[in-house]
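# Per-entry structural report
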Amino acid sequence: MIIGSLVSNPKAVEIQRDKALRGYNTLALQARAQAFVTVSSEEELLAALAQARELKLPLVPLGEGSNVVLAGDVDALVLRQRCRGIQVLELGKDSVTLRVAAGENWHEFVHWALQQGYYGLENLALIPGTVGAAPIQNIGAYGVELCTTLQHVHAREIADGSAVSLANEDCQFGYRDSIFKRELRDRYVITAIDLQLSRRADVTTTYPALTTYFGEHPHIEVTPQAVFDAVVAIRRSKLPDPAVVPNAGSFFKNPVIDAQVAAALLASHPDLPCFPQHDGSVKVSAAWMIERCGWKGFRRDNVGVHEQHALVLVNYGSDSGAQLLALAREIALSVQNAYRILLEIEPRVYGAA
Ligand code: FAD
Ligand code: EPU
């Protein structure tokens, strides 16, 4: 049902009411949005923000719904960001600066960049979702994070539509973290990001799974295309395709702990995978601990833990995020009992649990 459209605006936006969200989140959870709108231009975005104010509804930006858990209905105007476009801002001998609209699909953009000879994103291939969501948790995989190439984030203030631009250092990026998850949570709709990519074919292959892959395929020349192909192959071998088995990727973050705590853990569990961080802390594998607690492949009713990856919770047909969250709490409790480590949920939870 359409409850509002801005007839005075040439780019009128259609606000739908009581919209079913199952098709808009990769966990395929059933929940309803009080209101829903898709925007494909900055003008439509501004019109939608004005509508949210008029309807006195909070606004929830949504990309492809690959990092959300809908625990219940969403009492908000859910705004699906679909603005597209890639612009070359500066083409240098060694680098290129691009502006990429928030509604572009991340993996398609990574593939496009590689084909142009713009390098640096190969390790981030096949991450689901939109470009606009990428800065929210500073997406990362296989030894690379978005923040190594990101220069600016462009956004609109939800409260009044005003334009803002944040430089990389303003975003306070960290592991699966940024200012958009903390001080600036729910303040902006991201409209575009600027990235500086390399025109030199340098590659990053230090992540253990990539080292192993190229060790097992010594005949493959290690080019950016080969890294892209390797990342796609590794991901396909262990992460379920959400179109086949609904999931939201890693359900928990890998805990980052004090070096002394890590040393004590390693003394009793020498094969716990550990990744030392620049600041001296240590990132430890949540998947390893969850697997050792016996959860890998676990299934109860319509929810469970993936057989190939213990960090991925899957939805076998449950309507409600509440069941998944209950399972997540049980898993976290067992890890806490076994290792004295607290697991933190990675996706954003919406709706009452
Ligand atoms: P959504 O799920 O739609 O939104 C996520 C959050 O971002 C929400 O809070 C939403 O409000 C906010 N948001 C979205 N768009 C905007 C915008 N334009 N402006 C403001 N806020 C916005 N992540 C990794 O980092 N590394 C991985 O390797 C990885 N692998 C994954 C594998 C699978 C199979 C799946 C399902 C997920 C994986 N993820 C991974 C998580 C996910 O792909 C990323 O978090 C992605 O950036 C989410 O994009 P999205 O468009 O689907 O965001
Ligand atoms: N492991 C297990 N059991 C498992 C799975 C993995 O013991 O069931 C062990 C592996 O043997 C390996 C270690 O855990 O030694 C790390 O595994 P993997 O390389 O698969 O990475 P991860 O830590 O489980 C993280 C990200 C992924 C990202 C990969 C690759 C987080 C929360 N997850 O997973 O991101 O793709 O590294 O860089 O940081 C996501 O965020 O949704 C996501 C999939």
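Summarised in this report is the structure supplied together with it. (Residues numbered from 1 in each chain as written. Chains lettered and ligands numbered in written order. Predicted model: local features only at pLDDT ≥ 70, side-chain atom pairs only at ≥ 80, totals over all residues. Heavy atoms only, no water.)

## A few points about the packing of helix α3 (residues 208–216) against helix α4 (residues 224–238)
What counts here: Lines fitted to the C-alpha atoms define the axes, with helices restricted to the stretch that makes contact. Angles between their N-to-C directions range from 0 to 180 degrees. Here a helix means four or more residues in a row that DSSP labels H or I, a strand means two or more in a row labelled E, and each is numbered from the N terminus. Orientation labels follow simple angle bins: below 35 degrees gives roughly parallel, above 145 gives roughly antiparallel, 65 to 115 gives roughly perpendicular, and whatever is left gives oblique. What makes two residues a contact is simply this: any of their non-hydrogen atoms within 4.5 Å. Residues are grouped as follows: Ala, Val, Leu, Ile, Met, Phe, Trp, Tyr, Cys and Pro are nonpolar; Asp, Glu, Lys and Arg are charged; all remaining types, including Gly, are polar.
Their axes nearest at 10 Å, the elements α3 and α4 cross at an angle of 105 degrees. Classed by the angle they form, the pair α3 and α4 counts as roughly perpendicular. Counting all contacts with α3, which are made through Ala209, Leu210, Tyr213 and Phe214, the residues of α4 involved are Ala226, Val227, Ala230, Val231, Ala233 and Ile234. Grouping the constituent residues of the contact of α3 with α4 by class yields 10 nonpolar, no polar and no charged.

## With respect to the site of ligand 2
Quick note on the threshold: For each residue, the test is whether any non-hydrogen atom lies within 4 Å of the molecule or strand; if one does, the residue is near. For this analysis, a polar contact is any N or O atom pair within 3.5 Å, provided that within protein one partner can donate a hydrogen and the other can accept it, and provided that sequence-adjacent residues contribute only side-chain to side-chain pairs. What sets the accessible areas is the Shrake-Rupley method with a 1.4 Å probe; for residues, cover comes only from the shown protein chains.
Ligand 2 sits among 23 residues. The nearest are Tyr142, Tyr175, Tyr207, Glu291 and Glu346. A distance of 2.7 Å separates an oxygen atom of ligand 2 from a polar atom in the side chain of Glu346. When ligand 2 sits alone it has 820 Å² of accessible area, and the protein chains cover 83% of it. When residues of the shell around ligand 2 are traced back to their parent elements, those giving at least two are α4, β14 (247–250) and α6 (286–292). No other element matches α6, which puts four residues into the shell around ligand 2.

## Thoughts on the site of ligand 1
In the vicinity of ligand 1 lie 33 residues, with Pro61, Gly63, Ser66, Thr130 and Arg235 positioned nearest. At a separation of 2.7 Å, an oxygen atom of ligand 1 approaches a polar backbone atom of Gly63. Here ligand 1, which alone exposes 980 Å², has 94% of that area covered by the protein. For the shell around ligand 1, the secondary-structure elements that each account for two or more residues are β4 (59–62), β9 (140–141), β13 (188–198), β14 and β21 (348–350). Residues of the shell around ligand 1, tallied by class, amount to 16 nonpolar, 13 polar and four charged.

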